[in-house]
Structure formats: C-alpha cells, structure tokens
Amino acid sequence: MSSSAAAGNRRTHALRIAALTVIATAIALPLVIFVLGPNMPPGKDTTAGVSQVFDNTVLLVVMTPFTMFILIFILYTVLAFRVRPGDDDQRDGAPIRGHMPSQIAWLATTTAAVLFLAIFGSAELLASNGSGGGEGPKPIAKPSGSAFQVQVIGQQWEFTYRYPSYGGVETAQLVLPVGQEIEFHVTSLDAVHSFWAYELGVKADANPGVDNVAFVKVKKQGTFQIRCAELCGLWHGYMFDTGRVVSQSQFATWIAGQQKTFAGSQQYLPKYSLTYTPDPQDRAG
Amino acid sequence: MSELASHSTDYSVIESEPPEVMGRNLRVGAHLWSSATAFFFVAFLFTYFYLRSLNNHGLWHPKGVKPPVTLGTLIAIAVAVSAIASLAAARRLRAGDRGAFRSLGLVALALGIAAIVLQIVVFSTVGFGPTDGAYASVFLAWSGFYMVFVAGTMYWLEVLLATSFRYRSQVASEPGEASGDPDRMGDDIARPLSLQSPGADAFAFTWGVLAGIGVLTWIILYLI
Amino acid sequence: MKLRRLIGFNLLTAVILGVIGFYVGWWLGTLFKGPSIDYLGDTQQNDVSLFIGYFTGVLGFLVGLGFANYPVQRMLGKPASLRAKETEGKARYFGLCTDHKVVGIQYLIGIGAFIFIGGLNAMLIRYELITPNQHAWNGNNYLTLVGLHGTMMMGMMTSGILGPFANYLVPIMIGARRMAFPRIEALTFWLLMAAGAILMTAIAFGGFPTGWTGYAPLIDQANMGVDAYIAFFAIVGLSMCLLGLNMVATVITMRAPGMTWGRLPIFVWGQFSTAILMLLAPPVLISTLLMVMLDRTAQTGFFNDQIGGSSYLYENLFWFFGHPEVYILALPGMGILLEILPVFTRKPLWGYKLAVSGLMGIALLSWLVWQHHLFMSGINADLRPFYMLSTELISLPTGFIFICALGTLWAGRIRLTSPMLFCLAWLFNFLIGGLSGVFLSDVPSDVTTHGSFFSMAHFHYTIMGALLFSFFGGIYFWLPKMTGIKLNERLAKAHFWVMFIAFNSTFGPLLVIGFLGMPRRAVTYAGYLQGANTWVSVSAFFLGGSMLIFLFNFVWSLVFVREPAGDNPWNSKSIEWQLPSPVPVHNFDRIPTFGPDPYPYGHAGSDAIPPRPAVAPTRHTQ
C-alpha cells in the first residue's frame, strides 16, 4: 500500500474512532448525569451527602469522555489492525514514532481536566463545611453560627457518645436532632478507630489524644449505619452501631431520659473534655 | 544461530574486566548508598520536629531530661576529624603515597572507634530513659542507630587498610587471588589492587556524608 | 551430589545455621533486663528475644549460604574480586550464585511460591466473607489472614518484576555481562526468602491484628506475632533498597558503547525509575519499623501519645514510604507494557520521550502525595487541597503512559498472543484502577470511600489488575528466552481469559460494595450486601483457579513437554532475542555496540532492517 493511501486509510480510522467516541459520550453523559449521578452514594439526606453526590457526579462527568475514548480506541485498534489469519504476520506496521499535535492535545486536555477537578474539589470541600470529613481540631471549613456538639468516643470495640450541652451525659446510642448543624468531635481512648456514619456522609478518624471535628446537617429523620472504618484490633468487625435522627422534640425527650438513666453513674466518668487520657501518666521529671 | 554469543565456554574469547568498571561502580554506589542513608535519618529528623511541634501532653521534653553535651560534642568532633582524615588519606592515595594513606587511615579508624566507645559511655551514664518523653526516645534511638552506621563504615575502612597493609611491599596482585580459585574464569578483575584508590575515594565520600549527618545530629539533639 | 558440596555453603547449611542462630538470639534476648526492658512485665511476652532471634537467625542463614566468606576475606586484606561463577549445574539455583540470570530465575520461583501462599490466604478471606456473619475463622485468625495476605503480597510484589525480570534482562539490554554488584544482587534474593520464612512464623506466635499497614498504637499493643511482621518488612525494606541501589548503579555505569540514555529500551527506563524509588523509600520504612520495635521492647514513646508520641507520626512516616511503594509496584508493569507492545504491533514505541517523562514524572511526583492516605484522619485541614492537587497531578504522567500505549497500537499489525493479551488487559484494568483513584483523591468523595472496599478494589485493580497481569505477560513473553522452552500458548490464553473475566467479576462489584458502605478488614458486614459478596467470593475462587491453569502449564511445558522455543519465537528486534535461548553464562562473546534505534520496527514491507544492535565485531572494551 502506498504511504499516502495508507495515511488516507488511517484518517478514516481516526474519524471513525472520533465519531464512536462522540456517540458513546453522548449516550453515556445523560445517563451519568440523570441516572447514575443522583443515585450515587451516600445519598442526599444530609448536607454532606448532597455535596458528595454532586462531587461524584462531576467526577463521573469529567471521566466519561476520557474513558469512552480510551476503551473505544483500544477495542477499535485491536479489531481493525489485527493481523488476519493467513496474512503475513511478520510484516511491520507503519513507522510512526510520535505525533506532536496528538501529544499536545492529550497533555492539554488531561491537564485541564486535572486542574479543574482539583480546584472544583477544593471549592466543594470548603463550600460544604468539609463535606462530612474529619478536619482535625482546627477545622477551616465550618458553618457560620453555632452548631450542636456531639462527641464520639471510639474505644476497642465500641462507640460511645457524649453531649456536652446536656451535662456531658455519655450514651451508648447516637441520636441526633434533625435540621440542625451538627459538630462531631471524634476521639479515641486507645487505638486508631474511624467513625463512619454512612448515610450521613460523615467519616472522621478517632486518634488517641486528638479531637477530630466534622460537620453535617441532616435533612431527614431516619436511621443510619455507623461502622468503624479503621482496623483497630480483634473485634473491629463488630464495631458497628445504628444511629437515629429524630425531631427536635423527640430528641429533647430522649436526652432527658438518658440523663435520668445515667445520673447515678455520671459521677464516675471523667469530666467532658475534647480528649481523654485514660491512665494517669507521670513518667518524667 | 546468534552472531552475538554462543554456548561455548572458551574463556580465552572473553576479556577480563578492566578495573575502571568496578571503580565507576564503587563511586556511583557510594553516592547512592549515601542518599539512602540520608533518607534513613530524614525519618528521625521529621520525627524530631513533628513530635516537638505536637508536644502531646506537654511531654516532648520534660524538665530534667538533659543530654550530656560535653560527651556529645566530643563524639561529633571525633566523627568530623575522622572524616577529614579519611578525605586526606584518599587524596594521598590518589597521589600514590600508600604509606600516608595507611597512617591517616589508621587515625581515622581510631577516631571512629573512639566515637562508638564514647556513645556507649553516653548510653550508660545518661540520666534519662526511653520513657522520659518523646525527646528522650528520639535521642536514644537516633544516636544508637547512627552508631550502627558508623560501625559498618569503619568496617569498610578496616578492609581498605588491611588490603593496603597486606600488599605494602607489592605493586600488584594476581587477578582472582581474592576469590581463592586458581581456575577463575576470564571475567575476573584485571589488576584488582588498582581498585584501592577508587575504593578509598568512595569510602571517604560515604564517611564524609555520614559524618555530616553526625554533625547535624549533634546540632539537633544537643545544641537546639 | 558430592559430599563436599553437601557440607559446603548451600541452602541446607543456611537453614541449619539459621535455626541455630535464632535460638542463640532468643537466648541472648533473655539476658536483657532493665527498667524499661522488663519484657515479662504485664504482657508476659518476650519481644526482645524474638527480635534478636530473628536478627541472628537471618545472620546465621546468610553465613550458611556463604555470604560471609567474601567480607571475611576482605577483612584479612585480600583485594576485591568478582567471585568465580560456576557455569553449570542446577545446584547453582539453590545457593549463592552471582550470575544475574540465575538470580532472576531464583526470584521468579521464590516470589512465585510466596505469592501463591498469599493468594491462598485471599481465598480463605473470601471464604469467610461469603456470609455476613462470622462462620469460618475466629477473629484473630481472620485478621491474621488479612494481614498475612496483604503483607506477603506487598513485600513480594514490590520486587516482583525487578527481581525476576530486571535482574535477568537489564544487563543484557544494556550490553553488560553483569550487574554492578553481583554479590549484593544475590543477597537481595536470599534476604527476601529469609523474610518470607519469618513472616510465616507469625502464625506460630499468635498472628497479628494490624493488617499490612501496621498502624500504631495498635501495633504497640499487639501480641508477639506482630514482631514477625515488623522483622519481615524491615528485611524486605533492606532487600528493596539494595536491589534499587544495584539497579540504578548498573544502568548508570554498565551501559555498553552506543547505549546512551536516549536509546535505552523503555523496559530499562521503567525499572530504572522504579529503582530510584526502591533506593530511597525503604530506608524511611526501616527507620519507622525500628521505632516500632523500640516502642514494643524498650518502651519508647514514639507512637504513644501519653508519653509525648503520636499516632499521626506513624501514619506520616509509613505513608511517606507507602506512597512511593505503590508506585514501585505500578512502574515496572508500565515498563513491561511499553516494551511488549512494539513487538506485537510491529511498530516503534510511540512517543518515546513522552513515555520516559511519564515514568520519571511519576517517580518524582510520588513523593509529594502521601497525605492523601490521611485525608480523614484529622490532619491540618489546610493541607488537604495541596495533596488533592498533587495526587490529581500524578494522573498526568500516568496519562502519558496511556497515550504512548494507544499510539503504539495505532496502525500497527497486531498479533493477539498471550503476552499481548495480558498487556491489553493491563490497559483496561489500570484505566479502572486509575479512575477509581481519581475518586479517592477527591476529598469530598473520599469521605465515603476511604477505608472501604472501594479503596481496596482500587488498589487491587492497579496492583493486581495491572501489575500481576503484566507479571504474567512478562513470564509468557520472556520465559522462552530464560529457559529455551515455550509455554503452551493455548493454555496461556485459557489462563488469560479465566483470569481476566474472574478478576473483573471479583473487583468490579467490590467498587460498588465499597461505595455502598462496607469497610475494609471487617469480618462482618451489613446483611443487604450478602448477595454481592457471595458473587465476589465465587469469582475470587475462579480467579484463584486461573492460577492453577498457569501452574499446570508451567510444570507441564517445562518438565514434560519441553518444546524448544528457538532463539526468537516472537520475532522481536530487541537485543535479548538476538542471543541464544537460554542466554549463555557470559551473555555476549564480545560486548556489543548499539545503534541509534531502540525499536527498529515499522519499515513496512520488509524485515530487512537488522535487529539491534549494530554489531562492531572488532571493538573490545579495554
């Protein structure tokens, strides 16, 4: 085959790949935006969840054209340029060592995509008060105004919860009032755990001696799963719980009941504090 | 059949390796080993500054934890002078003066061993233990592992000096002599004694970097 | 076998001296007593003896193999030499051999055996996860299985391509007869084997509950079995560091005339970029593990926040090693991919310079991303956007690799042999792996996916889907050169298809399961995920079964059928295929001189372009 005919042949292949990519993307994008995206985990019942779903949708949208292109390219070339049985499979292919326009186009589009995602992700993180993730003791993305504080204490192998605005009462159940900014303070008494409230879209590691803050506002009442997301020893697999989100009045009733139940044992607990030191240590000096 | 190689074992065809090859490898190897060593101590450097900035429970450096500054300074001096002596020794060897290499090398070796001995003294007389705060832990671990590296590097020096002493009245050794196999194959090193100088250069570089790390250790653990 | 050989320095002596060394060390440990090394305090466990025992055991093992002979000779003043190499006999493979080709094959078998064990562990894990409730293993055993699987695989696969393939091929591809430091090369292999044996002893000491990441302070609290994990990783770290040092030095100094940096085969660039990381990252790991050892034995306070230490210190130190570590896993496979594609598309590598920048760019950027493993841990929140950016940026050089692969496929004449199939699967699997990585690198998205099976599926797609597939591609491609015998191509393709389909059937759903809320390393999970998990477990069993196809092929072809492969069964123009199969001991009669084109394909209509190198028969290295 003469080289110009071969080049023309290749141009046809290139146009076909481009066309297939455009068609595939055109089919996939609406599916991603309208079908997959809104149903992405962890669900839209909380502010954190909403921001994560939106974020995941944007990620999917940006990834789709690249994915379609690469998959179609591989499939097409393998099918179109395959040596047919009976053909001379020792003959060489075209001596193409590179193609500057393609390289530049690839570099430009991938760089733009990456920079966009990084900037978008940062903006989304700040706009959603940390998107439910643990931000450490000095969070930078926080809601304006006050928030309802709940402390989550992880220990091997149980989560317990303290409510500072209710006298530091420690409960075995996590119950939250709906429609309010919640400020989680997550800490640990021993190993590293991780407080993962799945439907809330909250995850914050629990480190001993550290106060890890995460924010969320829950929009719907219901129950949610809590699981420990950091291997913490023998019964890590059993460190799970179910939390509830209830109306303000139900919460008030519940917490009053908890205070009454634990009034007797409250005196044996350490005072509420952002971190705890389980054993008194006086090793040096 | 390949024109590049055959399965023949006629080693008259295969030339023995010129010492420049191994000399190059020693030089590059010394640089690479030094960079790996530096990264080993970077971990301690990070640990020092990170735990100091966290100061958990105020227990970074409790009162009463005092490092022995005199001993530590002596160790730093011993290490630094030893490295300088090694660099001088390598330079003398490059100029052909094998006697000066041996003398300066012995001085460097003695100082290096003295540093290790002094460090043992530090460990037995220091007034605090590993549980006395994070600084104490870093101090003991960092100085201890540093001496392991010093010991290994002194072994290298001993090897160079031993070879120099063994062949002090000879110009060269036969190839394959060290391997002890008189039927050695053709790809052994021709003129292995000529590797002394590249070896000394590589050693001096390695020891110089390690001594530099030692001085940095002294500054961070004792002075700051 | 001669009696002298049996009582000389060989594997048998090594094992005996290793065991003796262990017991000597254990006894030495019992002599340590002191206020902070009161090991029998309240835990009644003797970590000091175990650590010292492992150390002296490894020393005994190495002495038994003969590694001490040369250092002792040098101490007595004998000059340097290249150890005389035995030229024949299968006995070379069972001891200290400085022939880089022997070391390569030793690595292949040794790593293969340990990966097989790690894979069995995975099957046992998936067996447990068929049902949401604990039914197969008790808590400690389950966590030990998880830890053993991860640790064994990570420790072995980091040297998984450099050990077998780079050791064998790099000297040949650059026109050298040996690696820069042949004895160190042999040492790295035997250190790895000793480490593997040590890890298996974890079972004898009660297993370990920390997983392969060994987070403090859990690792301080754990029982004696975790000392095996610590010793394993420290020794593996040393082996990796020395392997990297050897590889970098070799590529820098041992290139033949004409082999400039711009003419290196891309395979060599892949191993070189990896080797730089292998040289510099493991020392940080070794340092960290030594700190853990001191925490467990001498009661230091590195990771105990009550004495001024911090769990964050461990996370930072570990992942500063850990992230370059995973690129150590990813890069060699890229080298294999881009090396094999030209052969089976019969075109030059597309975008050689771009590919090299991709490989070196990944190596460089891998140092700057480690805190993305700590996004949810409560680190300084100001840092997260930076690490999000750096992590997203690393997908750029990775994209270079993709575009170069795609360009090589373009307008080629593609032969779908088994190595080629594994390469194409690499592209598919790494695409999914890489895209799932983009989700994980995005902090809001990471809130749900961190620590879940999504994260686990991501790294299995990149480490197993890409690396292990390129490992098998490399085996099918280069084993004919190493042994002179061809593996059965139909069985190879059967292996490929079962493995590829089973792999995606196992880990594809796990991406979804992770997003649906299943955390890693937990022996129980929510009931609504049972169907999916059962599907995954059954697929995993098929995946394990595909390895049996490979094993059968391996043994059947090499031991029974033994069909000669010829010198160049794939008709490649790369230099190793211009040598006899298997490659002779001395590699080349004369050191070759290389011509300018690493991939002299692509002159349509003619195979007359000579393969590399252009040999100048009268040129010697003097």
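Residues numbered from 1 in each chain as written. Chains lettered and ligands numbered in written order. Predicted model: local features only at pLDDT ≥ 70, side-chain atom pairs only at ≥ 80, totals over all residues. Heavy atoms only, no water.

## Observations regarding the overall build of chain A
For step 1, the next point in the chain: Counting its regular elements, chain A contains 5 helices and 10 strands.
For step 2, the next point in the chain: Against the 2.2 N^0.38 benchmark of 19 Å for 285 residues, chain A shows a C-alpha radius of gyration of 28 Å, more extended than a compact globule.
For step 3, the next point in the chain: Here the C-alpha coordinates of chain A stretch approximately 95 × 50 × 35 Å along the principal axes.
For step 4, the next point in the chain: Relative to its 285 residues, chain A shows a buried fraction of 50%. (Helix = DSSP H or I, 4+ residues; strand = E, 2+ residues; numbered from the N terminus. Rg over C-alpha atoms; globule rule 2.2 N^0.38 Å. Buried < 20%, exposed > 50% of the residue type's maximum accessible area, 1.4 Å probe, protein only.)

## Overview of the interface of chain C and chain B
For step 1, the next point in the chain: Each side of the interface is counted separately: chain C has 74 residues, and chain B has 66 residues.
For step 2, the next point in the chain: Counting the surface lost from both chain C and chain B, the interface buries some 6000 Å², and carbon and sulfur atoms represent 67% of this.
For step 3, the next point in the chain: Of all residues in chain C, C:Pro79, C:Leu82 and C:Asp589 bury the most surface against chain B, accounting for 10% of the area lost on that side.
For step 4, the next point in the chain: If you look at where chain C meets chain B, you find 0 salt bridges.
For step 5, the next point in the chain: Our enumeration of links across chain C and chain B arrives at 11 residue pairs in polar contact (both at pLDDT 80 or more).
For step 6, the next point in the chain: Where the side of chain C that touches chain B is concerned, the elements lending two or more residues are α4 (69-75), α10 (225-253), α11 (266-280), α12 (282-297) and α13 (311-345) of chain C.
For step 7, the next point in the chain: Considering only residue class, the side of chain C that touches chain B consists of 44 nonpolar, 21 polar and 9 charged. (Contact = heavy atoms within 4.5 Å. Buried area = accessible area lost by both parts, 1.4 Å probe. Salt bridge = Lys/Arg side-chain N within 4 Å of Asp/Glu carboxyl O. Polar contact = N/O pair within 3.5 Å; in protein donor to acceptor, adjacent residues only side chain to side chain. Nonpolar A, V, L, I, M, F, W, Y, C, P; charged D, E, K, R; others polar.)

## So, the environment of A:Ala123
For step 1, the next point in the chain: Counting through the fold element by element, A:Ala123 comes out in helix α3 (residues 100-127).
For step 2, the next point in the chain: Taking C-alpha positions, A:Ala123 is 37 Å from A:Trp254, a pair spaced 131 residues apart along the chain.

## Quick word on the interface of chain A and chain C
For step 1, the next point in the chain: Across the contact, 94 residues belong to chain A and 98 residues belong to chain C.
For step 2, the next point in the chain: Across the chain A/chain C interface, buried area totals approximately 7900 Å², and carbon plus sulfur atoms make up 64% of it.
For step 3, the next point in the chain: When residues of chain A are sorted by the area they lose upon contact with chain C, A:Asp92, A:Arg97 and A:Leu231 head the list and together hold 9% of the total.
For step 4, the next point in the chain: Between the two partners, chain A and chain C, sit 5 salt bridges.
For step 5, the next point in the chain: Measuring nitrogen to oxygen at the nearest pair gives 2.8 Å for the salt bridge that ties A:Arg97 to C:Asp597.
For step 6, the next point in the chain: Applying the counting rule to chain A against chain C returns 23 residue pairs in polar contact (both at pLDDT 80 or more).
For step 7, the next point in the chain: In terms of residue class, the side of chain A that touches chain C is built from 45 nonpolar, 32 polar and 17 charged.

## Quick word on the domain arrangement of chain A
Residues and elements named next belong to chain A.
For step 1, the next point in the chain: Domain annotation for chain A reports domain 1 (3-81 + 110-127) and domain 2 (148-276).
For step 2, the next point in the chain: For domain 1 and domain 2, the distance between their C-alpha centres works out to 39 Å.
For step 3, the next point in the chain: Contacts between the two partners involve 10 residues from domain 1 and, on the opposite side, 9 residues from domain 2.
For step 4, the next point in the chain: Carbon and sulfur atoms supply 54% of the area buried between domain 1 and domain 2, which totals about 780 Å² over both sides.
For step 5, the next point in the chain: Put simply, domain 1 and domain 2 have 1 salt bridge between them.
For step 6, the next point in the chain: For Lys-220, the salt bridge is made with Asp-45, and the minimal N-O distance between the two is 3.8 Å.
For step 7, the next point in the chain: At the surface where domain 1 touches domain 2, the tally comes to 4 residue pairs in polar contact (both at pLDDT 80 or more). (Domains from an automatic or database assignment.)

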